[in-house]
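Letter by letter, the chains look like this.
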Amino acid sequence: MHIIFATEIWGKTPHVDLMASKFEDIASDITIVDPYNGTDLAFGSEEDAYARYTADCGHSQYGQRVLDALQLTTEPTCLVGFSAGAGAVWSAVCAENVGAAKGAVCFYGSPIRNMMDYSPKVPVDLVFSENEPHFDVESVARTLQDIPLAQSYITPFEHGFMNPLSKNYHEEAYHFWLQWIKDQVVSHCAPQK
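To keep things clear, this report deals only with the structure shown in the data block. Given the structure is predicted, the values throughout are model-derived calculations rather than measurements.

**Some details on the sheet that holds strand β2 (residues 29–33)**
Judged by pairing direction, the sheet is parallel, and its six strands sit side by side in the order β2-β1-β3-β4-β5-β6 without closing on themselves. Bordering the open sheet on either side are β2 and β6 (150–154), each of which pairs with just one other strand. Geometrically, the sheet is characterised by an average inter-axis angle of 15 degrees between neighbouring strands, direction not taken into account. Where strand β1 (residues 2–6) and strand β3 (residues 77–82) come together, five bridges link them in parallel fashion. Among the inter-strand pairings, F5 is bridged to a residue of β3, identified as V80. Packing against the sheet, helix α4 (residues 84–93) makes contact with β1, β3, β4 (101–107), β5 (124–128) and β6, and its axis sits at approximately 145 degrees to β3.

Rendered as structure tokens:
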């Protein structure tokens, strides 16, 4: 099985590498897609990261990068995205040709609120933070829940709880949800009977 990770606006940091390494026991191949082509820019703040993300990449281009990575693989693939990466994953699995994709997991994908008219071609788990400053999480999650192949969850944690660079990082939640992601990936990529 192949796993494609799409990072937050922070890009490919040592934390992302560490998290991806936790999946080596279930994946034969792991690809990390980020907005900065694999360069850790070591941002000083989330504001700096967001400014660079919008200047260098943006949501449409990031979605295309994830789709390009997906279309390069032929083995069963699950995609996992966080924040902007979740929006990119959602965009990719809603494309016409999703190739070997078998499922996706998206965490606090706030960009998805602007893509609720999209339809995924594979099962997608959408995990939202309890609160988001720019939209009503419950309304968005409820709307997405009605889309075939989409399953929404709302956690009691804040946007960024899986990222040690975020002020909202929650270590216990990180460990719990990391195992949950592994379980979902295995379930999505399990051979169909």
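**Section: the packing of helix α2 (residues 46–56) against helix α3 (residues 58–71)**
Close contact between α2 and α3 brings their axes to 7 Å; oriented N to C, the two are set at 75 degrees. Classified by the angle between their axes, α2 and α3 sit roughly perpendicular to one another. Within the contact between the two elements, α2 uses Y53, T54 and D56 and α3 uses G58, H59, Q61, Y62 and R65. Taken together, the residues that form the contact of α2 with α3 break down as two nonpolar, four polar and two charged.

**Regarding the packing of aromatic side chains**
Summed over the entire model, instances satisfying the criterion amount to 15 aromatic pairs. With a centroid separation of 5.7 Å and an interplanar angle of 85 degrees, the aromatic rings of F107 and W177 are classed as edge-to-face. One end of the pair, F107, is in strand β4; the other, W177, is in helix α6 (residues 171–189), and 70 residues separate them in sequence. Overall, the relative accessible area of 0% leaves F107 in the buried class. Residue class for W177 comes out buried when judged on its relative accessible area of 10%. Here a set of aromatic residues connected by ring pairs shows up, and it is made of F82, F107, Y108, Y153, F157, F161, F176, W177 and W180. Sitting over the ring of F23, K182 keeps its end group 6.0 Å from the ring centre.

**What about the environment of M115?**
Note on placement: M115 falls in the loop between β4 and β5. Each C-alpha atom, one on M115 and one on F135, is 13 Å from the other, the two residues being 20 residues apart in sequence. Sequence-distant contacts of M115, that is, excluding residues within four places in its chain, are made with G87, W90 and S91.

**Re the environment of A20**
With respect to the helices, strands and loops of the structure, A20 is situated in helix α1 (residues 14–21). In this structure A20 comes out as buried when scored by relative accessible area, which is 5%. Measuring from C-alpha to C-alpha, the distance between A20 and P164 comes to 14 Å, with 144 residues separating the pair along the chain.

**Observations concerning the nonpolar core**
Ranked by internal contacts, the top residues of the largest apolar core, which has 42 residues, are Y62, V66, L79, W90 and L126. Looking at this core, the elements that each hand over two or more residues are β1, α2, α3, α4, β4, β5 and α5 (137–145). When residues of this core are assigned to their parent elements, the largest contribution, seven residues, is made by α4. Among the nonpolar cores identified, the runner-up in size contains 25 residues, and A20, F23, V105 and L178 belong to it.

Cut-offs applied
- Here the residue numbering is sequential within each chain, running from 1 through the sequence in written order.
- Only residues with pLDDT of at least 70 are given local features in this predicted model, and only at 80 or more are side-chain atom pairs given and counted; all residues enter the totals for whole chains, interfaces and linings.
- Hydrogens and waters are ignored; side-chain quantities use all the structure's heavy atoms.
- When DSSP finds at least two bridges between two strands, those strands are taken to pair.
- Secondary structure elements are defined from DSSP: runs of H or I of at least 4 residues count as helices, runs of E of at least 2 residues count as strands, and each element is numbered from the N terminus.
- Here an angle of 0 to 180 degrees is reported between the N-to-C directions of two axes, which are lines fitted to C-alpha atoms, with helices fitted over the stretch in contact.
- Contact between two residues is taken to exist if any of their heavy atoms lie within 4.5 Å; hydrogens are not considered.
- Any angle that falls under 35 degrees is termed roughly parallel, while one over 145 is termed roughly antiparallel, one within 65 to 115 roughly perpendicular, and all others oblique.
- Gly falls in the polar group here, along with every residue not listed as nonpolar (Ala, Val, Leu, Ile, Met, Phe, Trp, Tyr, Cys, Pro) or charged (Asp, Glu, Lys, Arg).
- Here a Phe, Tyr or Trp ring, Trp counted by its six-membered ring, pairs with any other such ring whose centre lies within 6.5 Å, and the pair is stacked when the planes are under 30 degrees apart, edge-to-face when over 60, and tilted otherwise.
- Three exposure classes are used, based on accessible area relative to the maximum for each residue type with a 1.4 Å probe and protein chains only: buried under 20%, partly exposed in between, and exposed over 50%.
- To sit over a ring, a charge needs its Lys NZ or Arg CZ within 6 Å of the ring centre and within 35 degrees of the ring normal.
- To form a nonpolar core, buried Ala, Val, Leu, Ile, Met, Phe, Trp, Tyr and Cys residues must be joined to one another through side-chain atoms within 4.5 Å.

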